[in-house]
Amino acid sequence: YIALAGKFPGKSLVDINIAVFGKILGKAISILYAFFFFSLCFLNTENVTSFIVGSIVPETPVVAVGLMFIFVCVYAVLKGVESVMRISTIIAAIVVVVLLFNTILSISDMKIDNFLPVLKMPPLKLYTALKAQIFIPFLEIIVFFMAFPSLKKPEKIKKPMLLGVTIAAAILLIILLRNIGVMGNLVEYFTNPAYEIIRLISFKD
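Residues numbered from 1 in each chain as written. Predicted model: local features only at pLDDT ≥ 70, side-chain atom pairs only at ≥ 80, totals over all residues. Heavy atoms only, no water.

Secondary-structure assignment places Phe42 in helix α3 (residues 23-56). Note on Phe42: relative accessible area 63%, which makes it exposed. Separated by 71 residues in sequence, Phe42 and Asp113 place their C-alpha atoms 39 Å apart. (Helix = DSSP H or I, 4+ residues; strand = E, 2+ residues; numbered from the N terminus. Buried < 20%, exposed > 50% of the residue type's maximum accessible area, 1.4 Å probe, protein only.)

So this is what it looks like as structure tokens:
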């Protein structure tokens, strides 16, 4: 992504597709990407609403929660990319603090036996699981190419992008280790293991 951004400075994903594949094929590929982004929107909305309704407010209609979520997203888009990026920085900082806080509180519930035996899973199954963990979060960030034309200094994208991906990878790793440490094999039986682990936290004397 960084190499593409450096080779096509100031160009969006659509512009890059047209420059590489030509006007007709480039637009066709861009339509496929647009379909991918819209699919993610529906998937993320469904994930958020099902979690909130299923775990927090079971008596609330799914449509009501979904509409509120969509309203916030539309409002953020109307405010522009710069506003989204600024609030994202604040949200990211809050996520890191909350994650570290509840991970520390979960240490007493972790068991070293839950990490053993290491690499017992068959290589093909391990590859499949690893592929999903890498592809799902990190391939989606190609959507940021649509915001690249709005950057004031596109030549300085390398450092913040690497830093962002590194922080995201570290957060995912901490979450996975915490979930496995506390739940072990039970992780696969919960839709939202992180939420269940936080519910297990208790303040003892």
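What follows concerns the pattern of salt bridges. As enumerated under the stated definition, the model contains two salt bridges in all. Across the salt bridge formed by Arg86 and Glu82, the nearest N and O atoms sit 2.7 Å from each other. Of this pair, Arg86 and Glu82 both sit in helix α5 (residues 81-106), four residues apart, roughly one helical turn. Arg86 sits in the exposed class, given a relative accessible area of 57%. On the basis of relative accessibility, which here comes to 45%, the residue Glu82 falls in the partly exposed class. Linking Arg199 and Glu196 is a salt bridge whose minimum nitrogen-to-oxygen distance equals 3.6 Å. Separated by three residues within a single helix, Arg199 and Glu196 lie in helix α8 (residues 193-200), roughly one turn from each other. (Salt bridge = Lys/Arg side-chain N within 4 Å of Asp/Glu carboxyl O.)

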